[in-house]
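Below are the chains, spelled out letter by letter.
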Amino acid sequence: MTIFKEFTFDSAHYLPHVPEDHKCRRMHGHTYRLRLYITGALDPRLGWVMDFADIKAAWKTIEAQLDHRCLNEVEGLSNPTAEHIAAWIWQRLKPELPLLQKIELWESPSAGVVYEG
Ligand SMILES: [Zn+2]
């Protein structure tokens, strides 16, 4: 069974490799929305795949490195496209959440990325 949990974080960034006149070359911000999918067997006694609180706890340490920061200054995110941010999050979260199956990251209500490692 697959469960999911959503989080948001606010960050600034700019994209250094787009053309000079591209609007994303300028510093700007997003409220990113992240959805984490966790797939596993139901615990027969507890009746759940895993505790949502444990998902939140795993995310919190990573969130602290992104929320209210300029992403370009974060180690490994010098070109912080949604695709790179999703992969960055995956690399850090997967060891903490082995059942992590997929993440979805929106940088706006209509644009985002799906990443499965
Ligand atoms: Zn942007």
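We now turn to the structure provided with this report. Treat the numbers as computed from the prediction; the structure is a model and nothing was measured. (Residues numbered from 1 in each chain as written. Predicted model: local features only at pLDDT ≥ 70, side-chain atom pairs only at ≥ 80, totals over all residues. Heavy atoms only, no water.)

1. A few points about helix α2 (residues 82-93)
Here is the rule: Secondary structure follows DSSP: runs of H or I at least 4 residues long count as helices, runs of E at least 2 residues long count as strands, and numbering of each begins at the N terminus. Here, expected helix span is obtained from the residue count minus one, scaled by 1.5 Å. For the exposure calls, accessible area comes from a 1.4 Å probe over protein chains only, and a residue counts as buried if that area is under 20% of its type's maximum, exposed if over 50%, partly exposed in between. By the convention used here, residues are in contact when the closest approach between their heavy atoms is within 4.5 Å.
Over its twelve residues, α2 runs 16 Å from end to end, which matches the ideal 16 Å to within 8%, given 1.5 Å per residue. Buried residues of α2: Ala-82, Ile-85, Ala-86, Ala-87, Trp-88, Ile-89, Trp-90 and Leu-93, and no others. Along its buried surface, α2 packs onto β1 (2-13), β2 (28-39), α1 (52-63), β4 (100-108) and β5 (111-115).

2. Section: the nonpolar core
Here is a general trend for soluble globular proteins: nonpolar side chains tend to be buried in one another's company. Counted only if it meets this: The definition of a nonpolar core used throughout is a set of buried Ala, Val, Leu, Ile, Met, Phe, Trp, Tyr and Cys residues joined through side-chain atoms within 4.5 Å.
With 29 residues, the main nonpolar core has Leu-36, Trp-59, Leu-66, Ile-89, Leu-93 and Leu-97 as its most contacted residues. Every element with two or more residues in this core is listed here: β1, β2, α1, α2 and β4. The greatest single-element share of this core, amounting to seven residues, is contributed by α2. Look past the residues within four positions of Ile-89 in its chain and what remains in contact with it is Phe-9, Leu-34, Trp-59, Leu-66 and Ile-103.

3. Brief notes about the coordination of the zinc ion
Angles between donor atoms at a metal ideally measure 109.5 degrees for a four-coordinate tetrahedral arrangement and either 90 or 180 degrees for a six-coordinate octahedral one. Condition: The donor set comprises N, O and S atoms within 2.8 Å of the metal, extended to 3.2 Å for Na, K and Ca; water molecules are omitted, so apparent gaps in a site may simply reflect that omission.
The protein atoms that coordinate the zinc ion are His-13 (NE2), His-28 (NE2) and His-30 (NE2), at distances of 2.0 Å. The motif formed by the donor residues of the zinc ion, counted along the single chain, is H-x14-H-x1-H. With a gap of 17 residues between them, His-13 in strand β1 and His-30 in strand β2 connect regions that are remote in the sequence. Both residues of the pair, His-13 and His-30, belong to the buried class.

4. Some details on the environment of Asn-79
Positionally, Asn-79 belongs in the loop between β3 (69-70) and α2. Judged by relative accessible area, Asn-79 falls into the buried class, the value being 16%. Expressed as a C-alpha distance, the spacing of Asn-79 and Glu-6, which sit 73 residues apart in the sequence, is 24 Å. Leave out the neighbours within four places in its chain, and Asn-79 touches Leu-15, Pro-16, His-17 and His-84.

5. Digging into unusual backbone geometry
For His-68, which is not glycine, the phi torsion reads 55 degrees and is therefore positive. Among the secondary structure elements, His-68 is positioned in the loop between α1 and β3. Note on His-68: relative accessible area 64%, which makes it exposed.

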